[in-house]
Amino acid sequence: MTDLKDPYRNDVFEDEHGRRVAVKRLYTPNELGVSYVEYKNYDDSALRFMPKEQFMEVFRWVDNFGTTDTFVRLEDIVEAPKQAAKEPDSSASPKEESGQQQAADTTPPKRIS
């Protein structure tokens, strides 16, 4: 049995040196009948293009993203920051804010009738 597999989106291929690439898209054949494979190297994020026949000569199928472990460990979860009880007025200057806050802390609430 051969290890050749037509490239599909999210397939992972490897060359003879062990460099892995991920297939992003396979284009339909153009007027000349040439179909191109759009792929990315694992080393960088640049998109590359190669005719499908040449791609199949250089790379062999290894894996698919669907079978690759992509999980989050519980210790990696970051808690959301706690929100302040009251947001300061953005139109007031910092000096005015501190004075207003001190005054607000010492004065009793007013009753409006």
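Now for a look at the structure at hand. (Residues numbered from 1 in each chain as written. Predicted model: local features only at pLDDT ≥ 70, side-chain atom pairs only at ≥ 80, totals over all residues. Heavy atoms only, no water.)

### Details of the pairing of strand β4 (residues 47-51)
The criterion, for reference: Here, strands pair whenever DSSP counts at least two bridges between them. Strands are runs of DSSP state E lasting at least 2 residues, helices are runs of H or I lasting at least 4, and numbering of each runs from the N terminus.
Judged from the five bridges that link them, strand β3 (residues 36-41) and β4 form a sheet pairing that is antiparallel. When the sheet's bridge partners are listed, K40 is paired in β4 with L47. The antiparallel hairpin formed by β3 and β4 contains five residues in its connecting segment.

### A few points about the sheet that holds strand β2 (residues 20-26)
Definition in use: To obtain an axis, a line is fitted to C-alpha atoms, over the contacting stretch when the element is a helix, and the angle between two such axes runs from 0 to 180 degrees between their N-to-C directions.
The strand order β4-β3-β2-β1-β5 describes an open sheet built from five strands, whose pairing is antiparallel. The open sheet has two free edges, formed respectively by β4 and β5 (60-64), since each of these has just one partner strand. The sheet shows a mean angle of 40° between the axes of neighbouring strands, taken without regard to direction.

### Section: the side chain of D11
Keep this limit in mind: Whenever two N or O atoms come within 3.5 Å, that pair is a polar contact, provided that in protein one can donate a hydrogen and the other can accept it, and provided that, for residues adjacent in sequence, both atoms are side-chain atoms.
Following the sequence through the fold, D11 ends up in strand β1 (residues 11-14). Separated by 2.7 Å, the side chains of D11 and N64 make a polar contact.

### Observations regarding the environment of V37
Keep this limit in mind: Only protein chains enter the area calculation, which uses a 1.4 Å probe; residues under 20% of their type maximum are buried, those over 50% are exposed, and those in between are partly exposed. Working rule for contacts: check all heavy atoms of both residues, and any pair within 4.5 Å makes them a contact.
If you trace the backbone, V37 turns up in strand β3. Its relative accessible area of 0% is what places V37 among the buried residues. In the structure, V37 is positioned twelve residues away from R25 in sequence and 6.1 Å away in space, judged by C-alpha atoms. With sequence-adjacent residues up to four places away left out, V37 is seen in contact with P7, V23, R25, L26, R48, F49, M50, K52 and F55.

### Some details on the nonpolar core
Here is the rule: What is meant by a nonpolar core is a set of buried Ala, Val, Leu, Ile, Met, Phe, Trp, Tyr and Cys residues, joined one to another through side-chain atoms within 4.5 Å.
In this structure, F13, V21, V23, V37, Y39, M50, F55, M56 and F59 together form the largest nonpolar core, which totals nine residues. When residues of this core are traced back to their parent elements, those giving at least two are β2, β3 and α1 (52-58).

### A closer look at the pairing of β2
Each regular strand shows side chains that alternate between the opposite faces of the sheet. Here β1 runs beside β2; their pairing, made up of three bridges, is antiparallel. Pairing of V12 across the sheet is with A22, part of β2.

### A short note on the packing of aromatic side chains
Quick note on the threshold: Classification of ring pairs uses Phe, Tyr and Trp, with its six-membered ring standing for Trp, and accepts pairs whose centres are within 6.5 Å; under 30 degrees between planes counts as stacked, over 60 as edge-to-face, and the remaining range as tilted.
For the structure on display, the rule yields five aromatic pairs. Both rings, one in F13 and one in F55, keep their centres 5.1 Å apart while their planes meet at 70°; by these two values the pair is edge-to-face. Pair noted here: F13 is in strand β1 and F55 is in helix α1, with a separation of 42 residues, a long-range link. Put simply, the rings of F13, Y39, F55 and F59 touch in pairs and so form one group of aromatic residues.

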